Amino acid sequence: MGSLDSWSVEFEKIGWFIPPYVTMGEMDEILRRNIEDQGGLTQAGLGAILADIYSPSNIASLYVEKYSVTPFIKDYMNILGDGLEAHFLGLHYAAVATLIPVVEGVSRRLADKRGVEHKHIKKTIKNLCESCKTEVASKKLGAYEEVGSMIDSFERFATKKLYAGSGEFPHDDNTNRNGIMHAVYADSDYGEPINSYKTVAAINSLCFLSEIDSGLSWFPPRRSEAGMKKSLYYSMCQKIAALREKNG
């Protein structure tokens, strides 16, 4: 298919990027909805689409089949497990506050392994992405032009959105590490499912980069029996979340 840079540009306008383990059809649906809304797809509208992409079954498969075997990601299995469970229980503040540190932890560990870590996290992520993109292009790994666009898209999301200054974040969902972790944002400023969707997508991008580094398969996870069991549990968590909301 070649470069996906034009997709990356459009996604960046609405606070999104090109993540791994998502089909072309799913990404095209986001673009189609944005066009229907005359380029003004809201964060609530984006979140509704991402809810189907990051469903209990998809998240469960990622957790069981990808996270558990991927270097540096698997070092955070308990933390990821708690954060994802909190998400499906509707504990959105707890979920995003648990998941966001994993982004920095994996970034630093993987960058250190590749010899490109920097004292500042944004520079670390930039160096890491450039290192992996160079390897993919030089070795012509897979659909390397598409992969290059994906890596660039993630790098811009991480450095210009997720790790931007809290006062510089341009979208009303406020999925921003500094605003959340330094308590600049209060209750009304964030705490929606989209905060977890975006953070999980960032973790998935790091999982993808680690697969490039280690030579593991980039393919999306399959539906294993263990993944199905985990999915059923997450669905039960959603029912508990509905009961919590109903009863205040």
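Anyway, here's the lowdown on the structure attached to this text. The structure presented is a predicted model; accordingly, all values stated were derived computationally and were not measured.

**Focus on the packing of helix H4 (residues 56-67) against helix H10 (residues 193-214)**
- Two elements in contact, H4 and H10, have axes separated by 12 Å at closest approach and are oriented at 30 degrees. Our classification of the angle between H4 and H10 gives roughly parallel. H10 is crossed by H4, and the crossing has left-handed handedness. From H4, Ile59, Leu62, Lys66 and Tyr67 reach across to H10, where they touch Val200, Ile203, Asn204, Cys207 and Glu211.
- Classifying every residue of the contact of H4 with H10 gives six nonpolar, one polar and two charged.

**A look at the nonpolar core**
- Judged by nonpolar contacts, the single largest core of 71 residues is most densely connected at Trp16, Ile30, Tyr54, Tyr67 and Leu209.
- At eleven residues, the largest contribution of residues to this core is made by H10.

**Notes on the environment of threonine 134**
- For threonine 134, the location among the structural elements is in helix H7 (residues 121-139).
- Judged by its relative accessible area of 43%, threonine 134 is partly exposed.
- Put simply, threonine 134 and alanine 241 are 107 residues apart on the chain and 44 Å apart in space, counted from C-alpha to C-alpha.

**A short note on helix H11 (residues 225-246)**
- Under the 1.5 Å per step criterion, the end-to-end length of H11 is 32 Å for 22 residues, consistent within 8% with the ideal 32 Å.
- Residues of H11 that are buried: Gly227, Ser231, Tyr234, Cys237 and Ala241. Buried residues of H11, viewed axially, fall in a sector of 115 degrees; they line one side. Exposed and oriented more than 90 degrees from the buried face of H11 are Glu225, Lys229, Leu232, Met236, Lys239, Leu243 and Lys246.
- The inward-facing, buried residues of H11 abut H4 and helix H5 (77-88).
- Two residues or fewer after H11 comes glycine 248, characterised by a positive phi angle close to 70 degrees.

**Concerning the environment of alanine 202**
- Mapped onto the elements, alanine 202 comes out in helix H10.
- As a C-alpha pair, alanine 202 and alanine 97 span 105 residues in sequence and 14 Å in three-dimensional space.

**Concerning the state of the cysteines**
- A complete count under the given rule lists zero disulfides for this structure.
- With no disulfide of its own, cysteine 129 lies closest to cysteine 132 among cysteine sulfurs, the gap being 7.0 Å.
- Take cysteine 129: its relative accessible area is 3%, and that puts it in the buried class.

**A few points about the packing of helix H6 (residues 92-113) against H10**
- Where H6 contacts H10, the axes come no closer than 9 Å and their chain directions differ by 20 degrees. In terms of orientation, H6 and H10 fall into the roughly parallel class. Taken as a pair, H6 and H10 cross one another with a handedness that is left-handed. Between H6 and H10, the contacting residues are His92, Ala95, Val96, Leu99, Ile100, Val102, Val103, Val106, Ser107, Leu110 and Lys113 on the first element and Pro193, Asn195, Ser196, Thr199, Val200, Ala202, Ile203, Leu206, Leu209, Ser210 and Asp213 on the second.
- Its residues assigned to classes, the contact of H6 with H10 comprises 14 nonpolar, six polar and two charged.

The rules we used
Residues numbered from 1 in each chain as written. Predicted model: local features only at pLDDT ≥ 70, side-chain atom pairs only at ≥ 80, totals over all residues. Heavy atoms only, no water. Axes fitted to C-alpha atoms, helices over the stretch in contact; angles between N-to-C directions. Helix = DSSP H or I, 4+ residues; strand = E, 2+ residues; numbered from the N terminus. Parallel < 35°, antiparallel > 145°, perpendicular 65-115°, else oblique. Left-handed = near helix turned anticlockwise from the far one by under 90°. Contact = heavy atoms within 4.5 Å. Nonpolar A, V, L, I, M, F, W, Y, C, P; charged D, E, K, R; others polar. Core = buried A, V, L, I, M, F, W, Y, C linked by side-chain atoms within 4.5 Å. Buried < 20%, exposed > 50% of the residue type's maximum accessible area, 1.4 Å probe, protein only. Expected span 1.5 Å × (residues − 1). Arc of directions from axis to C-beta. Disulfide = S-S within 2.5 Å.

It is worth stressing that arrangement in space is one thing and function is another; only the former is reported here.
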